[in-house]
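Topology and contacts: notes
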Amino acid sequence: MLESEAFIISAIRELGPFDGICGFSQGGAMASALVALQHAGLALPDVPLFTFALFFGSVLTNHLRYQQAFKDRVQVPSCHIIGHKDYVKEHSIALARSFEGPIVIIHSKGHVIPALANQHLAVLRAFLVSMQESTAALDSSGTQERQQQQMSTSLDPLDPPRPEWEAGQGRPRVPQQRASATSNSSQQQQDPVQHIVQPVSKVPSKL
């Protein structure tokens, strides 16, 4: 993994800068580690910060090299696409929980990059559009506060339901009622996942 890190860092310096980073499976583990390292000040100090991350079926690495980087939740907007039948699903959920306020989409397939549609595609498109707009705002204003504000504003019209995690199971389910977008409850603070979309067959019709 350390060889992969060195190779990717070299490519970022040569081909970048990049606004965001994307990874699938073990590639997602490496991508998430780089984002965490950079925002913890442990790597890539000479290139612009990644402003968002996108993960498909990715996992949280337990390599000693990256434990310090994941000590606190990573303060980077992120979207996690997780397969309901994926054998690494629990590890993907653990990765989502290591980021502050991630967007999580649960699809019905396994360890694949799925062809998203309907609500799933709408949420992913909203995330990417908001990242594009917030990056443009950062380029013009130079402030990260505008980025967070833009992301929140762009996603509000979709208003996907907030998650509730089944006790002792670590598996997501859609709550019956939507939580307030401005809620600061203790449950929200304990679990950072802001939005979740279940497999299409389980998504409430009101979504």
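Report on the accompanying structure. Just so we're clear, the structure is a prediction, and the values are computed from it rather than from any experiment. (Residues numbered from 1 in each chain as written. Predicted model: local features only at pLDDT ≥ 70, side-chain atom pairs only at ≥ 80, totals over all residues. Heavy atoms only, no water.)

1. Topic: the overall build of the chain
The condition is simple: In this text, helices come from DSSP runs of H or I with a minimum length of four residues, and strands from runs of E with a minimum of two, each type numbered from the N-terminal end. Between buried and exposed lies partly exposed: a residue is buried under 20% and exposed over 50% of the maximum accessible area for its type, with that area taken using a 1.4 Å probe on protein chains only. Contacts are residue-level and defined by heavy atoms, with any inter-residue pair within 4.5 Å sufficient. Using a 1.4 Å probe, accessible areas were evaluated by the Shrake-Rupley method; residue-level cover was limited to the displayed protein chains.
A tally of regular secondary structure across the chain gives six helices and seven strands. Walking the chain from its N terminus toward its C terminus, one meets helices and strands in the order α-β-α-β-β-α-β-α-α-β-β-α-β. Looking at the chain as a whole, 46% of its 207 residues are labelled buried. In the chain, the proportion of contacts linking residues at least 24 apart, taken out of those at least 6 apart, comes to 75%. Surface exposure of the chain reaches about 10900 Å², of which carbon and sulfur atoms provide 50%.

2. Let's talk about the pairing of strand β1 (residues 20-24)
Inclusion rule: Should DSSP find at least two bridges between two strands, the strands are taken to pair. Handedness rule for crossovers: strands pointing away from the viewer, path from the first strand over the helix to the second running clockwise, crossover right-handed.
With burial as the criterion, only one face of β1 is covered, namely that bearing Ile21 and Gly23; the residues Gly20, Cys22 and Phe24 on the opposite face remain uncovered. Two elements, β1 and strand β2 (residues 52-56), share five bridges in a ladder whose sense is parallel. Considered in β2, the bridge of Cys22 is made with Leu54. Handedness of the crossover is the feature at issue here: the chain leaves β1, passes through helix α2 (residues 26-39), returns alongside β2, and the resulting connection is right-handed.

3. Topic: the side chain of Ser58
Applied cut-off: Polar contact is the term for a pair of N or O atoms within 3.5 Å; when the atoms are in protein, one must be able to donate a hydrogen and the other to accept it, and sequence-neighboring residues count only if both atoms are side-chain atoms.
Relative to the helices and strands, Ser58 is located in the loop between β2 and β3 (78-83). Ser58 sits in the buried class, given a relative accessible area of 3%. Looking at Ser58, its side chain comes within polar contact range of the main-chain oxygen of Gly23, at 3.3 Å. Ignoring anything within four residues of it in the chain, the contact list for Ser58 reads Gly23, Phe24, Ser25, Gly28, Ala29, His91, Ser92 and Leu95.

4. Thoughts on the pattern of salt bridges
Under the convention used in this document: Salt bridges are counted wherever a side-chain nitrogen of Lys or Arg sits within 4 Å of a carboxyl oxygen of Asp or Glu.
All told, the structure shown has two salt bridges when counted by the stated rule. In this structure, the salt-bridge partner of Glu5 is Arg65, at a minimum N-O distance of 2.6 Å. Taken together, the residues Glu5 in helix α1 (residues 2-15) and Arg65 in the loop between β2 and β3 connect sequence positions 60 residues apart. Judged by its relative accessible area of 8%, Glu5 falls in the buried class. One salt bridge in this structure joins Asp46 and Arg13, with 3.0 Å as the shortest N-O distance. With Asp46 in the loop between α2 and β2 and Arg13 in helix α1, this residue pair connects regions lying 33 residues apart in the sequence.

5. Observations regarding the packing of aromatic side chains
Condition: Ring geometry is summarised as follows: Phe, Tyr and Trp rings, the Trp one being its six-membered ring, pair when their centres sit within 6.5 Å, and such pairs are stacked at plane angles under 30 degrees, edge-to-face over 60 and tilted between the two.
Across all of its chains, the model carries two aromatic pairs by this definition. Judged by centre distance (6.1 Å) and plane angle (80 degrees), the ring pair of Phe52 and Phe127 falls under edge-to-face. Taken as a pair, Phe52 in strand β2 and Phe127 in helix α4 (residues 118-141) lie far apart in primary sequence, 75 residues in all. The same class applies to Phe52 as to Phe127, namely buried. Between Phe55 and Phe99 the ring centres are 5.5 Å apart and the planes differ by 55 degrees, which places this aromatic pair in the tilted class. Placement of Phe55 in strand β2 and of Phe99 in the loop between α3 (89-97) and β4 (103-107) is noted, with a sequence separation of 44 residues between them.

6. Focus on the state of the cysteines
Working definition of a disulfide: a covalent bond connecting the sulfur atoms of two cysteines. The criterion, for reference: Here, the term disulfide refers to a pair of cysteine sulfur atoms separated by no more than 2.5 Å.
Scanning all chains against the criterion turns up zero disulfides. Cys79 provides the cysteine sulfur closest to Cys22, a residue in no disulfide bond, and the two sulfurs are 9.6 Å apart. What makes Cys79 buried here is its relative accessible area of 0%.

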